[in-house]
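Residue strings, one per chain:
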Amino acid sequence: MSGRQHRETEIARRIRAKGLAAGRTSAQIADEIHEACAGFSTSRVKAHRLAYGIALADVIEQVRALFERDGKAMPGIGETLLSAYESGLKRPGPEYLHYLCTVYRVEPAALGYDSPCICGHGHRMPGVVLSGAVEAADRPQRPAQERELVIQPMETEPEDEENENILRRTLLNSLQADANLADLEGPVLGACEGIRRRMDETLVMATVSAAMLDQWEEATVSFGRQYTTTAPLRLLCDVLLELSAVRTAMARRQPIDLQERLCRMAAQLAGLAGMIMINLGDHRLARSFFRTGRTAADETGDRALRAWIAARESLVPLYFGDAREALTLAKKSRDMAGSTPCAAQAMAPVVEARALAMMSNGETKKEIVDQAKRALARARNAFAHLRPEDQEDVAFGYTEKQLYFYQGDVLTKLGQTIEAEVVLDQALEKYEDHILDQTLIRLDQAQCRLIDGDVQEAVSIATKALNMVGDEYLTDLIVRPALQLERAILARDAGVPGLDGLSAALRRPRQPELKGGDG
């Protein structure tokens, strides 16, 4: 809230409190606010809202309720339009003027409009339930049909409370005992989708302190740091509880600078939720969260943030079998980033290269190899121009180890085994603390040996890699490439020694609560 807005609100709040204590009507209080806030150019229609102590969203909901009561289709009025009425930039049409008069229980003249109302009668609302303070003041003096209308500020929706409670219970369970992908069934999936949908609703309609925003931003950055070290189901609950808190703050339209910060956090949290959903194997919800992230990022006008969302979203089709769509999304991300130095400039070309390698279907056509290598060269150049803090941020930035990892993966899929093994060895050193990523790197190393014709060594490396990870890490992210490798080995030499051991390691019982990969 700007300084002028804050002073205007404070003055109105004091006048309202004194007026209620003295038994004045809201119309009388509105007149006092209009006069006292003349220096702020406070219009009469805004003075009436301040006299009730409510937000724009509360007035909108009351107007919608009246339309519904009268059997009319939902109106198109929103906070932006109502704000334009209050600032004098627009004048309400006859229908909206009637309903505003009904909400504030006054005639058009009291709101600053000369024309009479189309209804031809007064705007009392009989039977309206009063707030405690006004009801106590008014009950002895007025009949029920003339009591003061007070619209209470909107409280937390029951749906939000239920979704948050489900996630809190899931978080508590995951801290007390092993959780697995079965926990994503039913209520938990519903809660995830519910919070995401409510954020969508808030973004298309939309006060919080700067200190609170600082805390939320710090929490968002912290979640990004935990992405590779915290079990995804646990991190998902934390991320979505924070997203729900941000949505609640956005339910009231904020000053532009604060609204932009909230939208940025919403985009980052939704994007992070999408990344976690990829790790958990739910590509549908991953898509949905990235879509929500795009909506929030568009509100900021930040090219780098929009490009980051698109680059992260491109991993969904990349991991779930549509290389062409991944390539399209990666190019879209690169176009969004433009010349802005950002994480997407390094990440998008890597996804392009990986998609091209997948589309080659094992064929090492020179044009495919050249295109993929040019994409990798663009990624390395972009990485060199990233800010140091972005080069260390595994979630919202792009790190050197990620660059090595995926460069090695691309070269492996292209059959460039000599270069691939050098890069994969470097990547393995950098991922010494991340067993999930180590396993994926070792599976690529086994693939290189298979391409070079050393089938037995490929089996040995793959078996050792799978046996090094605990059952809780044996998820689709690991199993899918391991199965592809097994099929390739069988096609090459079904009788190779050690194949039974590989099959046993791959098919042992799975309890998939993994720690996030680099995605």
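Residues numbered from 1 in each chain as written. Predicted model: local features only at pLDDT ≥ 70, side-chain atom pairs only at ≥ 80, totals over all residues. Heavy atoms only, no water.

Q: Would you take a moment to explain the overall build of the protein chain for this structure?
A: Helix and strand counts for the protein chain stand at 25 helices and 0 strands. Out of the 519 residues in the protein chain, the part that is buried amounts to 52%. Only carbon and sulfur atoms are counted for the fraction: they give 49% of the accessible area of the protein chain, which is about 23100 Å². (Helix = DSSP H or I, 4+ residues; strand = E, 2+ residues; numbered from the N terminus. Buried < 20%, exposed > 50% of the residue type's maximum accessible area, 1.4 Å probe, protein only. Areas by Shrake-Rupley, 256 points an atom, 1.4 Å probe, with all protein chains shown as cover.)

Q: Teacher, can you tell me more about helix H12 (residues 256–280) here?
A: Under the 1.5 Å per step criterion, the end-to-end length of H12 is 36 Å for 25 residues, consistent within 8% with the ideal 36 Å. Positive phi appears at Gly281, one or two residues downstream of H12, with a value of about 85°. (Expected span 1.5 Å × (residues − 1).)

Q: Please explain unusual backbone geometry as it appears in this structure.
A: Trans is the common state for peptide bonds, and a negative phi is the common state for residues other than glycine. In this structure, Ser41 is a non-glycine residue whose phi angle is positive, near 60°. Within the secondary structure, Ser41 sits in the loop between helix H2 (26–36) and helix H3 (44–52). Residue Arg105 is not a glycine yet carries a positive backbone phi of 60°. We classify Arg105 as buried; its relative accessible area is 10%.

Q: So what exactly am I meant to see when it comes to helix H23 (residues 455–468) here?
A: Along an α-helix, residues three or four apart share an orientation, since each turn contains 3.6 residues. With 14 residues, H23 ought to run about 20 Å at 1.5 Å a step, and its terminal C-alpha atoms sit 20 Å apart, in line with that. Those residues of H23 lying buried are Val455, Ala458, Val459, Ile461, Ala462, Thr463, Ala465 and Leu466. Tucked inside the fold, the buried residues of H23 contact helix H22 (435–451), helix H24 (476–492) and helix H25 (499–506). (Contact = heavy atoms within 4.5 Å.)

Q: Before we go on, may I ask you to explain the nonpolar core in this structure?
A: One recurring pattern in soluble globular proteins is that nonpolar side chains are buried together. With 121 residues, the main nonpolar core has Cys192, Leu240, Leu272, Tyr398 and Ile489 as its most contacted residues. Residue contributions to this core peak at 14 residues, all from H12. (Core = buried A, V, L, I, M, F, W, Y, C linked by side-chain atoms within 4.5 Å.)

Q: Looking at this structure, I do not really get the side chain of Glu486. What am I missing?
A: Following the sequence through the fold, Glu486 ends up in helix H24. In this structure Glu486 comes out as buried when scored by relative accessible area, which is 6%. Setting aside residues no more than four positions away along its own chain, Glu486 makes contact with Ser503, Leu506 and Arg507.

Q: Would you take a moment to explain the packing of aromatic side chains for this structure?
A: What characterises a pair of aromatic rings is the spacing of the ring centres plus the angle enclosed by the ring planes. Scanning the entire structure with this criterion turns up 6 aromatic pairs. Judged by centre distance (4.4 Å) and plane angle (35°), the rings of Phe67 and Tyr99 are tilted. A residue pair is termed long-range when its members are at least 10 positions apart, and Phe67 in helix H4 (residues 56–69) and Tyr99 in helix H6 (residues 94–104) qualify at 32 residues. An identical accessibility class is assigned to Phe67 and Tyr99; each is buried. (Phe/Tyr/Trp six-rings, centres within 6.5 Å; stacked < 30°, edge-to-face > 60°.)

Q: In this structure, what is going on with the confidence of the model for the protein chain? I would like to understand it.
A: Parts of the prediction with low pLDDT should not have their coordinates interpreted in detail. Residues at a pLDDT of 70 or more form 84% of the protein chain, whose mean pLDDT is 82. Within the protein chain, helix H7 (residues 132–138) has the poorest average pLDDT of any element, 36, and helix H14 (residues 303–313) the best, 96. The low-confidence segment residues 125–155, where pLDDT is below 50, has 52 contacts with residues more than four positions distant or belonging to other chains. Under a pLDDT of 50 for its full length, residues 511–516 has, in the predicted model, 34 contacts with residues more than four places off or in other chains. (pLDDT = per-residue confidence, 0-100.)

Q: Looking at this model, I keep getting lost on the packing of H2 against H3. Mind explaining?
A: Between two packed helices, the angle of one axis relative to the other and the distance separating the axes together describe the packing. Close contact between H2 and H3 brings their axes to 8 Å; oriented N to C, the two are set at 120°. In terms of axis orientation, H2 runs oblique to H3. Between H2 and H3 lies a crossing whose hand is right-handed. Side by side, H2 and H3 meet where Ser26, Ala27, Ile29, Ala30, Asp31, Ile33 and His34 of the first sit next to Arg44, Ala47, His48, Leu50, Ala51 and Tyr52 of the second. Looking at the contact of H2 with H3, its residues break down into 8 nonpolar, 3 polar and 2 charged. (Axes fitted to C-alpha atoms, helices over the stretch in contact; angles between N-to-C directions. Parallel < 35°, antiparallel > 145°, perpendicular 65-115°, else oblique. Left-handed = near helix turned anticlockwise from the far one by under 90°. Nonpolar A, V, L, I, M, F, W, Y, C, P; charged D, E, K, R; others polar.)

Q: What exactly am I supposed to notice about the pattern of salt bridges here?
A: Tallied over the full model, the rule gives 27 salt bridges. The shortest N-O distance in the salt bridge between Arg294 and Glu313 comes to 2.6 Å. With a gap of 19 residues between them, Arg294 in helix H13 (residues 283–300) and Glu313 in helix H14 connect regions that are remote in the sequence. Among the residues examined, Glu313 registers a relative accessible area of 6% and is labelled buried. (Salt bridge = Lys/Arg side-chain N within 4 Å of Asp/Glu carboxyl O.)

Q: Sorry, what's going on with the packing of helix H21 (residues 417–430) against H22 here?
A: Orientation of H21 relative to H22, taken along the N-to-C sense of each, is 160°, at an axis distance of 10 Å. As summarised for this structure, H21 and H22 are arranged roughly antiparallel, according to the angle between their axes. The way H21 lies across H22 gives a crossing that is left-handed. Within the contact between the two elements, H21 uses Thr417, Ala420, Glu421, Leu424, Asp425, Ala427 and Leu428 and H22 uses Gln438, Ile441, Arg442, Asp444, Gln445, Cys448, Arg449 and Ile451. Here the contact of H21 with H22 is composed, by residue class, of 7 nonpolar, 3 polar and 5 charged.

Q: Looking at this structure, I do not really get the environment of Asp335. What am I missing?
A: Tracing the backbone shows Asp335 in helix H16 (residues 323–337). Given the relative accessible area of 57%, Asp335 is considered exposed. Residues Asp335 and Ala348, 13 residues apart in the sequence, show an inter-C-alpha distance of 9.6 Å.

Q: What is the right way to look at the environment of Ala357 in this model?
A: Along the chain, Ala357 turns up in helix H17 (residues 343–359). Accessibility expressed as a relative area gives 3% for Ala357, which makes it buried. Spatially, the C-alpha atom of Ala357 lies 6.1 Å from that of Val410, the residues being 53 residues apart in sequence. Aside from chain neighbours lying at most four places away, what touches Ala357 is Val410, Lys413 and Leu414.

Q: Mind showing me how you'd approach the environment of Ser41 here?
A: For Ser41, a relative accessible area of 62% gives the class exposed. C-alpha of Ser41 to C-alpha of Ser87: the two residues are 46 residues apart in sequence and 8.2 Å apart in space.

Q: Quick question: what am I supposed to make of the state of the cysteines here?
A: Disulfides are covalent bonds that link the sulfur atoms of two cysteine residues. The full count for this structure, using the stated rule, is 0 disulfides. Here Cys237 stays unpaired: no disulfide links it, and the sulfur of Cys192, its closest cysteine neighbor, is 6.9 Å away. (Disulfide = S-S within 2.5 Å.)

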